[in-house]
Amino acid sequence: MSTNIFNSLRLFLSEYTLLFIILMIIYSKYFFIFYVRIYSFSIPILLIPYIILSALLIISNYGYYYLITTEEDKESPRTYHVTEIEDLSANYANITMTTYVLALLSIFPATLIGLIVFIIVLFFIFELFKDSEILFFNPILFITNYRIYKIRVEEHNKSIYIVYKEKIQEGDYIRVRHLYENIYLDERIIKKKRANEYLL
């Protein structure tokens with residue numbers, strides 16, 4: 001699986017939003033220490049990167065939410081018969097937690113060297129996962145009790161990844177929509193948004 005670099009970066013930012021928020025909180029102790037003077041105003045040096053990073057995180061997370069909840073460019077929902085199943089939820093949660101810890105270890109001292117190490121670690125994490133399906137499995141999904149499955153279905157006998165709300169077992173029939181390549185979403189993620197639109 002591969003995505004273009006822009007989409008991979010957008011998914012990466014949404015995946016590690018909490019990490020960037022922690023970064024800004026840790027380094028906020030320097031916020032009112034260093035200033036730059038612009039005309040007659042003294043502006044904290046960190047204000048500009050904080051605004052830029054915050055804007056990127058908001059845009060990335062909105063883009064992710066829009067990607068998984070909109071009907072636009074998605075095929076009609078399909079029903080599949082599950083013949084084989086592997087629950088990957090714990091594996092992906094462990095991978096995400098490990099990368100979070102590796103990145104956080106470098107910034108807890110809140111030093112310049114720690115920030116440089118943090119950037120280097122994130123670069124390697126991005127290079128490792130930029131073409132991986134893991135970028136589509138945002139921690140928000142885990143918080144909202146969605147699970148990640150790798151399944152084989154009777155209809156085409158191929159392995160696909162499913163983001164689904166309930167526990168799936170072999171022999172179950174599931175109704176999903178195609179998201180990207182071999183990744184499918186629980187139909188109810190999208191239907192919930194449609195129901196909300198009718199209420200507005």
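Conventions used here
- Residues numbered from 1 in each chain as written.
- Predicted model: local features only at pLDDT ≥ 70, side-chain atom pairs only at ≥ 80, totals over all residues.
- Heavy atoms only, no water.
- Pairing = 2+ DSSP bridges.
- Helix = DSSP H or I, 4+ residues; strand = E, 2+ residues; numbered from the N terminus.
- Axes fitted to C-alpha atoms, helices over the stretch in contact; angles between N-to-C directions.
- Phe/Tyr/Trp six-rings, centres within 6.5 Å; stacked < 30°, edge-to-face > 60°.
- Buried < 20%, exposed > 50% of the residue type's maximum accessible area, 1.4 Å probe, protein only.
- Parallel < 35°, antiparallel > 145°, perpendicular 65-115°, else oblique.
- Left-handed = near helix turned anticlockwise from the far one by under 90°.
- Contact = heavy atoms within 4.5 Å.
- Nonpolar A, V, L, I, M, F, W, Y, C, P; charged D, E, K, R; others polar.
- Core = buried A, V, L, I, M, F, W, Y, C linked by side-chain atoms within 4.5 Å.
- Patch = residues over 30% accessible without salt bridge, like charges linked within 9 Å, V, L, I, M, F, W, Y side chains within 5 Å.
- Areas by Shrake-Rupley, 256 points an atom, 1.4 Å probe, with all protein chains shown as cover.
- Salt bridge = Lys/Arg side-chain N within 4 Å of Asp/Glu carboxyl O.

## Points about the sheet that holds strand 6 (residues 173-180)
Taken together, the 5 strands give a closed barrel; going around it, the order is 3-4-5-7-6, and neighbouring strands pair in mixed fashion. Across this sheet, the average inter-strand angle for adjacent strands is 55°, counted without regard to direction. Across 5 bridges, the pairing between strand 3 (residues 78-87) and strand 4 (residues 147-153) is antiparallel. Bridge pairing in strand 4 links Glu-84 to Arg-152.

## Describing the packing of aromatic side chains
This structure, assessed with the given rule, holds 12 aromatic pairs. A ring pair is formed by Tyr-16 and Tyr-100, whose centres lie 5.2 Å apart and whose planes are at 25°; its orientation type is stacked. Here the residue Tyr-16 occupies a position in the loop between helix 1 (5-15) and helix 2 (17-26), and Tyr-100 occupies one in helix 4 (residues 89-107), the gap between them amounting to 84 residues. Tyr-100 matches Tyr-16 in its accessibility class, with the two residues each being buried. Between the aromatic rings of Tyr-27 and Tyr-30, the centroid separation amounts to 6.2 Å while the plane-to-plane angle is 40°, which identifies the pairing as tilted. An aromatic cluster of three or more residues is present, and its members are Phe-12, Tyr-16, Tyr-100 and Phe-126.

## Re the packing of helix 1 against helix 5 (residues 112-129)
Two elements in contact, helix 1 and helix 5, have axes whose closest approach is 11 Å; the angle formed by their N-to-C orientations is 120°. With respect to their mutual orientation, helix 1 and helix 5 come out oblique. The crossing of helix 1 and helix 5 is right-handed. Of the residues in helix 5, those touching helix 1 at Ile-5, Ser-8, Leu-9 and Phe-12 are Leu-122, Ile-125 and Phe-126. For the contact of helix 1 with helix 5, the per-class residue count stands at 6 nonpolar, 1 polar and no charged.

## Thoughts on the nonpolar core
In this structure, Tyr-16, Leu-19, Phe-20, Phe-118, Leu-122, Phe-137 and Val-163 are the most contacted members of the largest nonpolar core, which totals 41 residues. Put simply, the parts of the chain that give this core at least two residues each are helix 1, helix 2, helix 3 (47-69), helix 4, helix 5, strand 5 (159-164) and strand 7 (183-186). Setting aside residues no more than four positions away along its own chain, Tyr-16 makes contact with Thr-99, Tyr-100, Ile-125 and Phe-129. Listed in part, the 12 residues of the second largest apolar core include Tyr-80, Val-82, Tyr-149 and Ile-162.

## Thoughts on a nonpolar patch on the surface
On the surface, Ile-33, Phe-34, Val-36, Ile-38, Tyr-39, Phe-41 and Ile-45 cluster together into a nonpolar patch covering about 760 Å² of accessible area. When you line up the elements, Phe-41 lands in strand 2 (residues 41-44).

## Here's the deal with the pairing of strand 1 (residues 35-38)
In terms of strand pairing, strand 1 meets strand 2 through 4 bridges, oriented antiparallel. Paired with Arg-37 across the two strands is Ser-42, which belongs to strand 2. Hairpin connection between strand 1 and strand 2: a loop of 2 residues separates the two successive antiparallel strands, and Tyr-39 in this loop has a positive phi of roughly 55°.

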